[in-house]
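The primary structure of each chain is shown beneath.
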Amino acid sequence: MSTSSLPASPTPSISTVTDYLSCLQVVMVNTTLPANIGSAARAMHTMGLSRLTVVDPKLPIDETSVSHAAGGSELLSSALIAPTLESAIADCQLVFAASSRSRHLPRPVVTPTQAAKIMFDFIDKQSTFSTDKPNIAVLFGREDRGLTNEELAYADYHVQIDANPAYPVLNVASAVQVIASFIFAYAQTHIKTDSEADYDKLDVTDSLETIGQPMLNTYTRQQWDEPAITQQQLQQLTERTTALMVQRKLADSENLKSLPSRLSRLGSRIQLDQKEYQLLSALIAKLAKD
């Protein structure tokens, strides 16, 4: 197809702070206290975030949630309750996880400001060729122990907040408040900037060592001509690739170790789009039959 016959790019539908923030959802996993859900809703509302998902809470949203939410009580009314983390983020194209600890198989670690830049750049690039708003999730874990290794493995990036190294652990609602405030602050600058060169002055790799944890270099895909795949599609691709490797005797089904997690991390790093997902799916299906 010649360049002249290519369809025109859709007019971006995202132009205000509210438009950008509406692409983001806060996902709270397995909360213990309903009051913390309310406090998180209040923090979100203060910073312009409106989408809250609660995964398998130990206790439901109740009157204490509402009393702690104050002006953010409407977020509780519209909050989604998901049975599993997988279902909560199935249609997300980009996932961040709040974490204060390094892990056995770490993902790229960013500060809240760096996370905000990655989010907004991703939204900009996706909206240049699609009228559908991107769906981005930020995961927050349990009050007592945060997110498990398995849950952290769903994230493309881990977000760490600078804190006292002797005790870098925040209450979950406080963590929501801090990260949301950085996102909101970055949104103001992003909207006021007409030139991509201006806001690209903030390099997501700057000062990563200051967080004090082993880091992986971050990578943001620069060119998109198809929508990014969802988290559900990434997990499906990971499962199919793992099954193919077992079938071809490249892996032992009884001793996979970290293979699925490594494949998932590879998929996050590559940042596949829908066409690439279809090509790889067709290749895996063909190899599985031969």
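Above this note sits the structure.
The structure presented is a predicted model; accordingly, all values stated were derived computationally and were not measured.

Student: How should I be thinking about the environment of Ile191 in this particular structure?
Tutor: Within the secondary structure layout, Ile191 lies in helix 8 (residues 172-192). In the structure, Ile191 is positioned 71 residues away from Phe120 in sequence and 9.9 Å away in space, judged by C-alpha atoms. Each residue touching Ile191, except ones within four places of it in the same chain, is listed here: Ser15, Thr16, Val17 and Tyr20.

Student: Is there a simple way to think about the packing of helix 10 (residues 231-247) against helix 11 (residues 259-270) in this case?
Tutor: For any two helices packed against each other, one specifies the inter-axial angle together with the distance between the axes. Remark: helix 10 packs on helix 11, axes separated minimally by 9 Å, with the N-to-C direction vectors making an angle of 130°. The pairing of helix 10 with helix 11 is recorded here as oblique in orientation. In terms of crossing hand, the pair formed by helix 10 and helix 11 is right-handed. Along its contact with helix 10, which presents Leu234, Gln235, Thr238, Thr241, Thr242 and Met245, the element helix 11 presents Leu259, Pro260, Leu263, Ser264, Gly267 and Ser268. For the contact of helix 10 with helix 11, the residue count by class is 5 nonpolar, 7 polar and no charged.

Student: Help me understand the packing of aromatic side chains in this model?
Tutor: Within a pair of aromatic rings, the relevant descriptors are the distance that separates the centres and the angle that separates the planes. Scanning the model with the defined rule gives 3 aromatic pairs in all. Taking 4.9 Å as the distance between ring centres and 5° as the angle between the ring planes, the aromatic pair formed by Tyr20 and Phe120 counts as stacked. One end of the pair, Tyr20, is in helix 1 (residues 17-21); the other, Phe120, is in helix 6 (residues 112-127), and 100 residues separate them in sequence. Judged on exposure class, the residue Tyr20 and its partner Phe120 are both buried. Summarising the aromatic geometry, the rings of Phe120 and Tyr186 are spaced 5.7 Å apart at their centres and angled 90° between planes, so their arrangement reads as edge-to-face.

Conventions adopted
- Residues numbered from 1 in each chain as written.
- Predicted model: local features only at pLDDT ≥ 70, side-chain atom pairs only at ≥ 80, totals over all residues.
- Heavy atoms only, no water.
- Helix = DSSP H or I, 4+ residues; strand = E, 2+ residues; numbered from the N terminus.
- Contact = heavy atoms within 4.5 Å.
- Axes fitted to C-alpha atoms, helices over the stretch in contact; angles between N-to-C directions.
- Parallel < 35°, antiparallel > 145°, perpendicular 65-115°, else oblique.
- Left-handed = near helix turned anticlockwise from the far one by under 90°.
- Nonpolar A, V, L, I, M, F, W, Y, C, P; charged D, E, K, R; others polar.
- Phe/Tyr/Trp six-rings, centres within 6.5 Å; stacked < 30°, edge-to-face > 60°.
- Buried < 20%, exposed > 50% of the residue type's maximum accessible area, 1.4 Å probe, protein only.

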